[in-house]
Amino acid sequence: MSDTSVKKVDSAHSPTGDLGQAYLVSGTRMAMRLWEIGPTDGIGAHTRPYETVGYVIEGKAELHLGEQVVTLAPGDSWLVPEGAEHHYVVHEHLKAVEATAPPAPEAADVSEAADRK
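For every chain, the first residue of the written sequence is number 1, and numbering continues from 1 along that sequence. Local features in this predicted model are restricted to residues whose pLDDT is 70 or higher, and side-chain atom pairs enter the listing and the counts only when it is 80 or higher, whereas totals over whole chains, interfaces and linings include all residues. To get the side-chain values, all heavy atoms of the structure are used, and hydrogens and water are removed first.

On to the overall build of the protein. In this text, helices come from DSSP runs of H or I with a minimum length of four residues, and strands from runs of E with a minimum of two, each type numbered from the N-terminal end. From N to C terminus, the protein includes one helix and six strands. Along the protein, from the amino end to the carboxyl end, the secondary structure elements read β-β-β-β-β-β-α. Whether a residue is buried, partly exposed or exposed follows from its accessible area with a 1.4 Å probe, protein chains only, as a fraction of its type maximum: under 20%, in between, or over 50%, in that order. Sorting the 117 residues of the protein into buried and exposed places 32% on the buried side. Restricting the contact set of the protein to residue pairs at least 6 apart, pairs at least 24 apart contribute 62%. For the protein, the exposed surface amounts to about 7400 Å²; the carbon and sulfur share of it is 53%. Residue contacts are defined here by distance: any two heavy atoms, one from each residue, within 4.5 Å place the two residues in contact. Calculation of accessible area relied on Shrake-Rupley with a 1.4 Å probe; when residues are assessed, cover is drawn exclusively from the protein chains displayed.

Another point: the nonpolar core. If you look at the biggest cluster of nonpolar residues, it comprises eleven residues: V56, A61, L63, L65, L72, W78, V80, A84, V90, L94 and A96. Put simply, the parts of the chain that give this core at least two residues each are strand 3 (51-65), strand 5 (77-80) and strand 6 (86-101). When residues in this core are grouped by element, the largest group, four residues, is from strand 3. Apart from the residues lying within four places of it in its own chain, the contact partners of L94 are W35, E36, I37, V56, E58, G59, K60 and A61. Only buried residues count toward a nonpolar core, which is a set of Ala, Val, Leu, Ile, Met, Phe, Trp, Tyr and Cys residues joined through side-chain atoms within 4.5 Å.

Another aspect to go through is the confidence of the model for the protein. When pLDDT drops low, the exact placement of atoms in the prediction is not to be read closely. One number per residue, pLDDT, summarises how confident the predictor is, and it ranges from 0 to 100. Averaged over all residues, the pLDDT of the protein is 88; the fraction at 70 or higher stands at 90%. By mean pLDDT, helix 1 (residues 105-116) is the weakest element of the protein at 55, and strand 5 is the strongest at 98.

With respect to the helices and strands, the residue H64 is situated in strand 3. Aside from chain neighbours lying at most four places away, what touches H64 is V69, E85, H86, H87 and V89.

Only Phe, Tyr and Trp rings are paired, with Trp represented by its six-membered ring, and only when their centres lie within 6.5 Å; those with planes under 30 degrees apart are stacked, over 60 edge-to-face, the remainder tilted. Scanning the entire structure with this criterion turns up one aromatic pair. Seen from their ring centres, W78 and Y88 are 6.2 Å apart, and the 70° between their planes marks the pair as edge-to-face. With W78 in strand 5 and Y88 in strand 6, this residue pair connects regions lying ten residues apart in the sequence.

Right, dumping it as structure tokens:
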């Protein structure tokens, strides 16, 4: 039998991470998070064991993926393939939504903790 439950997360009460992310809803195959972060040179290049798609609500940033540099502005969406080395440089206060598939490990941990409450 398939799961027919609905999850709702109020972002005002979402758990947050160390880098400015709020963990939104998470399922078994994907998760969402909201980023609100000020200008930064970013962290060093890194890889992740999941695919990431995102959408910029406000602000400006650069996505560095391999030799490519893409400017992200309101209304832009992006994709970082699983395992791709990348980093972001935020030029203006950034508000963006990301979805990861499979769920980022941190999102899965937060979702499991919320389910136990």
